[in-house]
Amino acid sequence: MHPMTTMMLHIVILAATFTAAQCFQLNMTQFYEMPPLYDLDDYDRCLQELNGHASTYCFVRAEVQPDESVAAWRAIAEISQYDRHHFDHRQLYFGLCLRECEASLAGLNKSELEALQAGLLSENAKVNVYLDLFSMEANNRQRHQRLTNACLNWRLQRRGFGVLAKSVVEYCDEAGQQVEDDAWNLTFYGILGTLLVLACLGSLVDLHLKRGRHDKMLKERDHYKTPPKSTAQQVLLTFSVARNWYRLNQEPSGKIGRELRFLDCFKFFAMFMVIFAHTNWVIYESAISNPQDPERLLHTAAGTLLVSGSLITVTFFVISGLLLTINWLAVSRSLESKKDTWSFGQYAVLFVKFNIFRYIRLTVPYAFVLLMSGVYFENAGGPLWRHIFEREQLACRRNWWTNLLYINNFVRTDERCLLQGWYLAADTHSFVLSLVLLMLGHRFVRWSKQLYAGILGLFVVVPMVLTYSMNYYPIFVPTPQTQKDSFIGDRQFTEFYTSSLMNFGTYFCGVLAALVYDQLALKQYKLRELKSFQLLWFTLIPVGILWLFSAHPIFQHYYVPPSAIWGALYAGLQRNIWGFGLGIFIVGMASKVGWIFRKFCCLPIFRILGRLTYGAFIVHLLVARIVLATVREPIYFGTGMMFAFIFFTVTVSYLCSFLLAIFLELPVSSFLKLMR
């Protein structure tokens, strides 16, 4: 049987199996007994009516208090117990126009008003993180606490829910508020202006040199490939827009570059899936009018697939480990031709160079996006603008240094700036450790195989031991409420999912894949002519899909916690088996296995998209937050709406990445080449 036929047969069997999966039945009668998660007054009318005179709009966090005699509370307790699949329906979010609140409560006497007071919400640790970031709102909290608490409880009572809720004001907006530019804003504007000036100067100098060339037979593309003789001109031309476009679009050079050009396709589609997941997360963080639909979805096989989608991040770890090793092998062999034995000092110099060049290349565009993320803007959105977008601004202004030191995956994790930056921190730690191991393998060649095998085994066992000893859940589950709280206070996310120790094994799979690929290339072994390997390669596709669903028995098992031992074993294997399989997949495709899949992955369009992936990665959450922070009322969470937001975020993220690459990322990369 042809490998392609075998793969299609496997896919058909998997589709039939998971289509037959039974869905959890949510009691909708009970569901509608609960108060809605969001209750937002008309933001624009509140601040614009009566010419904005004495108009205040407050965003208030509330927590329903237990009362077993009330049907609404019994429904909340019953539905919220499935915390891996459902929102915490105790947590409510109100947008209150204080003028309307005063009008609503005007007819109540003192005792009736006092009965509506449920107290200050002060013991919720996640809410307190927001309150700490919005510390400038302390006066508004004190001034409007009693009014807002009485107002929201009056609404809960009037609508027949019969429950009371403690509350706290997160922030208030007043008509006529203006944002003044401070040092942070001015620094951003200054750097942005400088980059534009340098781009103009570099482009004009490049145009002048192009028109003044004497060799009329020289093609236009060759002009942009040829550096000028003057060092000053070389530095200035790193900012040339036309030259950077050609750098972005140039074909890979050398045998290795041509054989691995399919990685650009891998990076693009992995990035698309990351943006897919993160946009859904920001949708959860905003206001949803139909939370029952995403909750029911998570009870299905599709829900398991969404949860297991976090394995996509492993793709970037594997590719990063692969590229580090290929770069290391190229540099070490070029130096070996000059000297047989290396001193400790030579290893140390190489180690420092590798890390400095990588730090500068990644950090300069990263720092620019960090700076942009902290810039204060006028409220361009509505009641959720500050909750979704300004919270990020405040976190970036407070904790930017943790990102630039790449320690943000374990320091100040409740106030993350650019939450996706945890990957760069874990990748940096893995880069440093892998480089040390590659140097040890180079220095002690006889023991290198044992060293690499031992390290891989160790970092398969480490996640198992940590999961068992620290009582982690076997898989990372981004629950609806966890996403709504922006992963604040989530131990599973901070210690299990984003930990460098838990991810290093997958990074090292990329290192091993590069070493295997290098040996196959040196021995000129034709892997594509081996039919058994072709069968293995095509089988990896349905096996990979099946592995995504391997978490189904754990995630969809509601009442009994999984076995600690079996859970620890799965935690150690889930990511590492995916990384190991992906390493085999990459080695096969580099050896020209893959038929039409490889041809598709090598299409020229992915050359540009793959190179824009890093910029899209660091900017996409900023784009998603700006888009969804403009929501003025709860939105319907449906397939069409979801994909509209996702495709918009993908498109704008890659456009922003293009500008970032042309004006900053490629100039930095070109400058580093001049420094070598």
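Student: What's the story with the environment of Leu133 in this structure? I'm lost.
Tutor: Looking at the secondary structure, you find Leu133 in helix α7 (residues 125-133). By relative accessible area, which is 2% here, Leu133 ends up buried. Look past the residues within four positions of Leu133 in its chain and what remains in contact with it is Arg391, Leu394, Ala395, Arg398 and Glu415.

Student: In this structure, what is going on with the pattern of salt bridges? I would like to understand it.
Tutor: Pairing is possible between side chains of opposite charge, provided their charged atoms come close. Scanning all chains against the criterion turns up 28 salt bridges. The closest approach of N and O atoms between Asp41 and Arg155, which form a salt bridge, is 2.9 Å. One end of the pair, Asp41, is in the loop between β1 (38-40) and α3 (43-48); the other, Arg155, is in helix α8 (residues 138-158), and 114 residues separate them in sequence. Salt bridges sharing partners connect three or more residues here, namely Asp39, Asp41, Arg155 and Arg159.

Student: I keep staring at the state of the cysteines and nothing clicks. Help me out?
Tutor: Formally, a disulfide is one covalent bond, and it connects the sulfur atom of one cysteine to the sulfur atom of another. All told, the structure shown has 4 disulfides when counted by the stated rule. Note that Cys46 is cross-linked by a disulfide to Cys97, the S-S spacing being 2.2 Å. The S-S bond linking Cys46 to Cys97 shows a torsion near 85°; that makes this disulfide right-handed. Placement of Cys46 in helix α3 and of Cys97 in strand β3 (residues 91-97) is noted, with a sequence separation of 51 residues between them. Exposure remark for Cys46: the relative accessible area of 1% places this residue in the buried category. Here Cys58 is linked by a disulfide to Cys172, with a sulfur-sulfur distance of 2.0 Å. Looking along the S-S bond of the Cys58-Cys172 disulfide, the torsion reads about 100°, which is the right-handed sense. Of the two residues, Cys58 sits in strand β2 (residues 56-64) while Cys172 sits in strand β4 (residues 165-174), which places them 114 residues apart along the sequence. Overall, Cys58 belongs to the buried group, its relative accessible area being 0%. Here the chain pairs its bonded cysteines, counted in sequence order, in the arrangement 1-3, 2-6, 4-5, 7-8.

Student: Explanation requested: a positive patch on the surface in the structure shown.
Tutor: Residues Arg258, Arg261, Lys526, Arg528 and Lys592 make up a contiguous surface patch of positive charge. Positionally, Arg261 belongs in the loop between α13 (254-259) and α14 (263-285). Given the relative accessible area of 32%, Arg261 is considered partly exposed.

Student: Is there a simple way to explain the nonpolar core in this structure?
Tutor: Judged by nonpolar contacts, the single largest core of 195 residues is most densely connected at Phe262, Phe266, Trp328, Ile475, Ile586 and Tyr654. In contact with Tyr654, other than residues within four places in its own chain, are Phe268, Met271, Ile275, Leu609, Leu612, Thr613 and Ala616.

Student: I tried to follow unusual backbone geometry on my own but got confused; where do I start?
Tutor: Backbone geometry follows two general trends: most residues other than glycine have a negative phi, and most peptide bonds adopt the trans configuration. With a phi angle near 50°, Arg412 is a residue other than glycine that sits in the positive phi range. Within the secondary structure, Arg412 sits in the loop between α19 (385-404) and α20 (421-443). The backbone phi angle of Asn471 is positive, close to 60°, even though this residue is not glycine. Turning to its location among the elements, Asn471 is positioned in the loop between α21 (448-469) and α22 (480-484).

Student: It is not clear to me how the environment of Tyr43 should be interpreted in this structure. Could you clarify?
Tutor: Position of Tyr43 among the secondary structure elements: in helix α3. Apart from residues lying up to four places away in sequence, Tyr43 is in contact with Tyr57, Asp173, Asn379, Gly382 and Pro383. Of note is the side chain of Tyr43, whose polar atom sits 2.9 Å from the side chain of Asp173.

Student: Just checking my understanding: could you explain the sheet that holds β2 for this structure?
Tutor: Backbone hydrogen bonds are what pair the strands of a sheet, in a parallel or an antiparallel way. Ordered in space as β1-β3-β2-β4, the 4 strands form an open sheet in which the pairing is mixed. Of all the strands in the sheet, the pair left with one neighbour each is β1 and β4. For this sheet the average axis-to-axis angle between neighbouring strands, irrespective of direction, equals 15°. In the sheet, β2 pairs with β4 via 9 bridges, with the strands oriented antiparallel. Bridge pairing in β4 places Thr56 opposite Glu174. The sheet strands contacting helix α5 (residues 98-105) are β2 and β3, and the helix crosses β3 at an angle near 90°. In the packing of α8 onto the sheet, the strands contacted are β1, β2, β3 and β4, and the crossing angle to β4 comes to about 120°.

Student: Explanation requested: the side chain of Arg598 in the structure shown.
Tutor: With respect to the element layout, Arg598 can be found in helix α28 (residues 595-601). One buried charge, Arg598, has no salt-bridge partner; the nearest side chain with opposite charge is Glu259, at 6.6 Å.

Each value, and the rule that gives it
- Chains are numbered independently. Their residues run from 1 in the order of the written sequence.
- The model is predicted, so local features are restricted to residues of pLDDT at least 70 and side-chain atom pairs to those at 80 or more, both for listing and for counting; the totals for chains, interfaces and linings are taken over all residues.
- Only hydrogens and water are set aside; all other atoms, that is, all heavy atoms of the structure, feed into the side-chain values.
- Under the DSSP-based scheme used, a helix requires at least four consecutive residues in state H or I and a strand at least two consecutive residues in state E, with every element numbered from the N terminus.
- Burial status follows relative accessibility: with a 1.4 Å probe on protein chains alone, a residue under 20% of its type maximum counts as buried, one over 50% as exposed, and anything between as partly exposed.
- Residue contacts are defined here by distance: any two heavy atoms, one from each residue, within 4.5 Å place the two residues in contact.
- In the sections that follow, a salt bridge refers to a side-chain nitrogen of Lys or Arg positioned within 4 Å of a carboxyl oxygen of Asp or Glu.
- Criterion for a disulfide: a pair of cysteine sulfur atoms within 2.5 Å.
- Only residues whose relative accessible area exceeds 30% and that form no salt bridge enter a patch; like-charged residues are grouped when within 9 Å of one another, and nonpolar side chains (Val, Leu, Ile, Met, Phe, Trp, Tyr) when within 5 Å.
- Note on areas: these come from Shrake-Rupley sampling with a 1.4 Å probe, and a residue is covered only by the protein chains present in the view.
- Under the convention used here, Asp and Glu are negative, Lys and Arg are positive, and both His and the chain ends fall outside the count.
- Charge positions are represented by NZ for Lys, CZ for Arg, CG for Asp and CD for Glu.
- The definition of a nonpolar core used throughout is a set of buried Ala, Val, Leu, Ile, Met, Phe, Trp, Tyr and Cys residues joined through side-chain atoms within 4.5 Å.
- Nitrogen and oxygen atoms within 3.5 Å of one another constitute a polar contact, given that in protein one can donate a hydrogen and the other can accept it, and given that sequence-neighbouring residues count only through two side-chain atoms.
- The rule for pairing is simple: two strands pair if DSSP sees at least two bridges between them.
- Lines fitted to C-alpha atoms define the axes, with helix axes restricted to the stretch in contact, and inter-axis angles between N-to-C directions lie between 0 and 180 degrees.

All we've got here are geometric facts, nothing functional implied.
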